[in-house]
Structure formats: structure tokens, C-alpha cells
Amino acid sequence: KHVVSTQEYGVSKHKFFGGEQRVYQHVSSELSCDMKFGVYLPPNYSSETSEKFPILYFLSGLTCTEENFINKSGMQRFAAKHGVVVINPDTSPRGSDHPKEHVDWDFGSGAGFYVDATAEPWKSNYRMYSYIVSELPKVVLENFNVSSENVALSGHSMGGHGALVISMKNPTMFKCVTALSPISNPCKGPWGIKAFSNYLGSDQKEWEEWDATCLAANFTASAPLNIMVDQGETDRFLKEELLTSHFIEAAQKNDALEVDYRVRDGYDHFYPFISTVIEEHFEYIARFIC
């Protein structure tokens, strides 16, 4: 087993809406550090049955750890209702101490941007894309009674960017994807430009491989990818950083993308918005994986 015992690391386990909210820690070969991830096990979960439980991976945004979604979203109520196992990882490697890694809140520690870095010094371990796509699912499948087929992906802000990009790069891996206030065209926004120029270097053609709007314009698949995008109408980051409309316009022109776009009047970018709409995301996801 890849997961380290709770006794050794002192990670948490709490009863929550009839199920259990846990946090585990393991050694990541992709990221060259110990990584924590949350696991919510719904009340009907059992490791002893032949039934494989549906699973949602949730990717958090800038500055977050695994704790934010666990403690602020209220997702456990709806995961319990639908019988969904929820996995939520940290947002970057920890403890590598590269130059400038811990200086700015929007770059480096807590801001891995779900890419595989190709520029020095980041390429040695800033490989959040491979961690989410390959390493973490392997750990989860080896340690929990979950399905490898009934899988959904979601994320918020930087994590919404990650969810959109990862799902379009791996369209057969997920039955559906949802994104809340996603960074949708990072090649054009200051957060994305800062991250991509450092993680990926100066070649902007390479940046486009990690940009949801660019990927949507050229996306092909044997069956449509089901996507729900949720955006607060008063989000102060919408016009300069998120550029959500850029992705929506590109996706709506592509028959291989089936997009449900919801704009919420009066809501901003943060957890009051997430906790308000998260029930609808579980209802959407349950249509495809439950």
C-alpha cells in the first residue's frame, strides 16, 4: 500500500454526515515530497463489498491546501446523499524550497497550476499534472474500494483550470467535469502568464497546451465531454484573470464539448459561492457516475 498509516503521521479522521472525512499522507515520487489528500467516505461505503464506489476528484485553487475544500464547502452532505467518495489533494509540492518558491501567494508553493513544469528549477518536482492523472489515482485505487470507470473531476479557480485542462487531455478518464470560477484562458491573464513563464519557459505555443480555451478550440473525442461551468457574476477576478467567457465561447463552437454554463447573479469568487452551488454540482455529477 502507498498510503501511510494515520497513526504514524497523525492525520485526521472525523465522522461527517454519517460517513468519515479522512486525511492521508503519502510519499509522492512525482513531486519528491510527502503529500496530503482528503478522502470522504460516504455512509454506505464498505471495503468488503464487490461494489465499486463512484469517485470525485476535486482540485483547489491558489493558496489552498487539502483543508480548504474539506472545511469550507459543505460537500460532505451531498457526497453522503449520493454515495460518492471524494478525493481532494493539495495544490503543489511542499518543502522543496526552490528560489522564490514561497515569496508570492500566486506562484510556487500553493500554486502548482496542475502542469508538468519544463523549466528549471521547477521541472524537477512541479509535476502536478502527472500527480493528478497518474500517481494519485493509483494510490486511491490500491487503497480504497472505488471505481476506475465512474469517475468525475471538479475544481475551483486554479483548480477549475486544472479540471478543464486535465479532462480535455484525458477525455476517457472522466464521465464528466465541473469547474467553479475557473481560470479559463491563462495565456491571457496575469496569474497564468506569471505561472506559465516560470514553469514552462518563454515558448507561448507550449503554454497553449495547458490553456483550456486553446484546448477547447481544437478538442476532439469519440463522444462529447460533459462539462458544467459555474461562475459568480460579481467575481472581481472575472474580467482580467478568469476570462471564463473565452472558454465558453470556444467550447460552444465545438460539438465534442457539451457545456452547461451557469452564471450566478450577485455571487463572487470565494467559498460562500462554492458552498451555495456545490449541491448542484453533485446533482450534475451523480447523473453520470452514480
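In this text, all values refer to a predicted model and were calculated from it rather than measured experimentally. (Residues numbered from 1 in each chain as written. Predicted model: local features only at pLDDT ≥ 70, side-chain atom pairs only at ≥ 80, totals over all residues. Heavy atoms only, no water.)

A. Expanded view of the overall build of the protein. Counting its regular elements, the protein contains eleven helices and nine strands. Computed over C-alpha atoms, the radius of gyration of the protein comes to 18 Å, within 12% of the 19 Å expected from 2.2 N^0.38 for 290 residues, which places it in the range of a compact globule. Each principal axis of the C-alpha distribution contributes one length, and for the protein these read about 50 × 40 × 40 Å. Relative to its full complement of 290 residues, the protein shows a buried share of 58%. Only carbon and sulfur atoms are counted for the fraction: they give 47% of the accessible area of the protein, which is about 12,000 Å². Averaged over its 25 positive side-chain charges, the protein has a centre that lies 3 Å from the centre of its 37 negative ones. (Helix = DSSP H or I, 4+ residues; strand = E, 2+ residues; numbered from the N terminus. Rg over C-alpha atoms; globule rule 2.2 N^0.38 Å. Buried < 20%, exposed > 50% of the residue type's maximum accessible area, 1.4 Å probe, protein only. Areas by Shrake-Rupley, 256 points an atom, 1.4 Å probe, with all protein chains shown as cover. Lys, Arg positive; Asp, Glu negative; His and termini not counted. Charge placed at Lys NZ, Arg CZ, Asp CG, Glu CD.)

B. Representation of unusual backbone geometry within the structure. Cis peptide bonds are those with omega within 30 degrees of zero, and the linkage from Glu 120 to Pro 121 qualifies with -10°. Relative to the helices and strands, Pro 121 is located in the loop between strand E5 (85-89) and helix H4 (128-143). We note that Phe 17 has phi near 50°; this positive angle belongs to a residue other than glycine. If you trace the backbone, Phe 17 turns up in the loop between strand E1 (13-16) and strand E2 (19-28). For Lys 100, which is not glycine, the phi dihedral falls at a positive 70°. Checked against the element boundaries, Lys 100 lands in the loop between E5 and H4. What makes Lys 100 exposed here is its relative accessible area of 65%.

C. The pairing of E5, seen in detail. The element E5 is extensively covered by neighbouring structure, given that five of its five residues are classed as buried. Bridge count between strand E3 (residues 33-41) and E5: four bridges; the pairing is antiparallel. In the sheet register, Gly 38 faces E5, and the bridge partner there is Asn 88. (Pairing = 2+ DSSP bridges.)

D. How the structure looks around the state of the cysteines. In the structure shown here, the tally under the stated rule is zero disulfides. Free cysteine Cys 187: the closest other cysteine sulfur is in Cys 214, separated by 4.7 Å. Judged by relative accessible area, Cys 214 falls into the partly exposed class, the value being 22%. (Disulfide = S-S within 2.5 Å.)

E. Structural context of the nonpolar core. With 68 residues, the main nonpolar core has Phe 37, Phe 113, Met 168, Tyr 199 and Phe 247 as its most contacted residues. The dominant element in this core, judged by the number of residues it contributes, is H4, at eight residues. Residues contacting Met 168, with those up to four places away along its chain left out, are Ala 212, Leu 215, Ala 216, Phe 219, Leu 225, Phe 247 and Leu 257. Listed in part, the 23 residues of the second largest apolar core include Met 75, Ala 80, Met 228 and Ile 274. (Core = buried A, V, L, I, M, F, W, Y, C linked by side-chain atoms within 4.5 Å. Contact = heavy atoms within 4.5 Å.)

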